[in-house]
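Descriptive structure summary
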Amino acid sequence: MPYRTPRLLIAATAATVVMTITAAVGPFTLFWTNQTRTERNQVEQQLDSIRAVQGLLVDAETGERGYALTGKDVFLQPYYVARSQLPSALQTLRISYEEDLPEEITKVKDFIEHTDLVIGHLDMVVKLRSEGGLEAAAAEVASGNGKHLMDYVRDVSSEVIRGEVQEVAALDEKLNTNLLWAVAISAASFVLTLMLGRFMYVSMRRTIRRQGESARTAVLASTQLGQSLEHLERRNNEVGLLAEMARLLQTDLSQEETLQLASTYCQQLLKGTSGTLFLYRNSADALQPSAGWGHEDVTHEAPIAPKDCWAIRRGHPHVAQHSHELRCAHYAADDESDEAVHWCLPLMAYG
Ligand SMILES: [Zn+2]
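Residues numbered from 1 in each chain as written. Predicted model: local features only at pLDDT ≥ 70, side-chain atom pairs only at ≥ 80, totals over all residues. Heavy atoms only, no water.

Glancing now at the coordination of the zinc ion. In this structure, Cys-309 (SG), Cys-328 (SG), His-330 (NE2) and Cys-344 (SG) serve as the protein donors to the zinc ion, at separations of 2.1 to 2.5 Å. The site at the zinc ion holds four donor atoms, and with the angles between them running 101 to 116 degrees, its shape is tetrahedral. Positions of the donor residues of the zinc ion along the chain correspond to the pattern C-x18-C-x1-H-x13-C. In this pair, Cys-328 is assigned in the loop between strand E3 (318-320) and strand E4 (342-344) and Cys-344 in strand E4, connecting sequence segments 16 residues apart. (Donors = N, O, S within 2.8 Å, 3.2 Å for Na, K, Ca; no water. Tetrahedral: all angles 85-135°; square planar, octahedral: opposite > 155°, others 65-115°. Helix = DSSP H or I, 4+ residues; strand = E, 2+ residues; numbered from the N terminus.)

Here we take up the packing of helix H4 (residues 145-249) against helix H5 (residues 255-269). Here H4 crosses H5 at 175 degrees, and the two axes come no closer than 10 Å. What the angle tells us is that H4 and H5 run roughly antiparallel. Only Thr-258, Leu-261, Tyr-265, Gln-268 and Leu-269 of H5 make contact with H4, whose side of the interface consists of Glu-238, Leu-241, Leu-242, Glu-244, Met-245, Leu-248 and Leu-249. Here the contact of H4 with H5 is composed, by residue class, of eight nonpolar, two polar and two charged. (Axes fitted to C-alpha atoms, helices over the stretch in contact; angles between N-to-C directions. Parallel < 35°, antiparallel > 145°, perpendicular 65-115°, else oblique. Contact = heavy atoms within 4.5 Å. Nonpolar A, V, L, I, M, F, W, Y, C, P; charged D, E, K, R; others polar.)

This paragraph deals with the pattern of salt bridges. Scanning all chains against the criterion turns up ten salt bridges. In this structure, the salt-bridge partner of Asp-151 is Arg-154, at a minimum N-O distance of 3.1 Å. Taken together, the residues span about one helical turn, with Asp-151 and Arg-154 both in helix H4 at a distance of three residues. Here Asp-151 falls in the partly exposed class, since its relative accessible area comes to 27%. (Salt bridge = Lys/Arg side-chain N within 4 Å of Asp/Glu carboxyl O. Buried < 20%, exposed > 50% of the residue type's maximum accessible area, 1.4 Å probe, protein only.)

In this section: the layout of surface pockets. By volume, the second largest pocket is sized at about 280 Å³. Lining the second largest pocket are 13 residues, with Gln-42, Gln-46, Ser-96, Glu-99 and Asp-100 positioned closest to its centre. Secondary-structure elements contributing two or more residues to the lining of the second largest pocket are helix H1 (5-70), helix H2 (77-96) and H4. If you tally residues by element for the lining of the second largest pocket, the top one is H1, at five residues. Within the lining of the second largest pocket, the residues separate by chemical class into four nonpolar, four polar and five charged. (1 Å grid on protein atoms, 1.4 Å probe; cavity = no way out; pocket = protein on both sides within 12 Å on 5 of 7 lines; lining within 4 Å. Points joined across faces, edges and corners; volume = space filled by probe spheres on them.)

This part is about H2. Between its first and last C-alpha atoms H2 spans 29 Å; for 20 residues at 1.5 Å apiece the expected length is 28 Å, and the two agree. Of all the bends found along H2, the most pronounced is centred on Leu-86 and spans about 40 degrees, while Pro-87, a proline, follows it within four residues. Within H2, the full set of buried residues consists of Tyr-79, Ala-82, Leu-86, Ala-89, Leu-90, Leu-93 and Ser-96. (Expected span 1.5 Å × (residues − 1). Bend = angle between axes of the 7 residues up to and from the residue.)

Another aspect to go through is a nonpolar patch on the surface. A surface patch of nonpolar side chains, amounting to about 500 Å² of accessible area, comprises Phe-190, Val-191, Leu-192, Leu-194 and Met-195. Position of Leu-192 among the secondary structure elements: in helix H4. (Patch = residues over 30% accessible without salt bridge, like charges linked within 9 Å, V, L, I, M, F, W, Y side chains within 5 Å. Areas by Shrake-Rupley, 256 points an atom, 1.4 Å probe, with all protein chains shown as cover.)

On to the environment of Leu-86. Relative to the helices and strands, Leu-86 resides in helix H2. A sequence separation of 31 residues divides Leu-86 from Gly-55, and the C-alpha atoms of the two residues are 9.8 Å apart. For Leu-86, the residues in contact, after removing those within four places along its chain, are Val-53, Leu-56, Leu-57 and Ile-119.

Here it is in structure tokens:
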């Protein structure tokens, strides 16, 4: 129906939009998740880098302390190992912070600079122990320069690590929030799609049913119009025949010609029927079959008495449609009388 189409169109458009959103949620969620995980991995990598430098510094300091106290080269093994790995570890740390926030880069640069100072001080103590003996090395250690530098490096690294741990926690929360939003949007879209789908199904069924009813109504109206036109055409034809018969009757006709004319036109005007035109005899005691149409053959019909016809007796048209109705004697014995409708019309003419 015309007033249904906009609602159905809007529902179809809305369903298309919702299904598009539903389809887009998956890829977008994957994109957000991957982006957040990439950021999280970068932070984890930064944490690993700074912790690696911390560990190497502790190893180097342990080796330096052992050597300073004992003077034995065996204690320098962790020192040398850490000393050899520290440059690459510091380079990795520097690279991992190249694209970070400016304040983070500043802190890491400060950490690296003081790490270099700590390494330089460890080298100096080892050299003093090697060349100047225990007293020289102990004096330098006792000065507290090394401890001060190491404490500073430890504080800076702790601050950086604390910040990175907080960033990891924030990224985890962001990841969970994104996943929750994706699930909520998917669920809402699914429910909305179901509702719109049901609405469209019901609307379409209703529209199809109404269109069917309209088509049936149109066919019925067309049939009725055709019947009316057929009836009108038949009526026009009858009017034309009556007018033609009336014109002929106004001419000078003999009785025989008049009866022939009546038979001919009744044949055309009363199609599907049969009948007989009776005329009173001059003695007026009987009615003589004088003309007929349809199946009636007047030559084989017998005259009837006026009392045998209710129409003649009453002076009014008489109709008998069923066997239980009052029937005239002149057709009561007909074989087809039970099914036929009998009309008897008394006619009167002057001239
Ligand atoms: Zn009769």
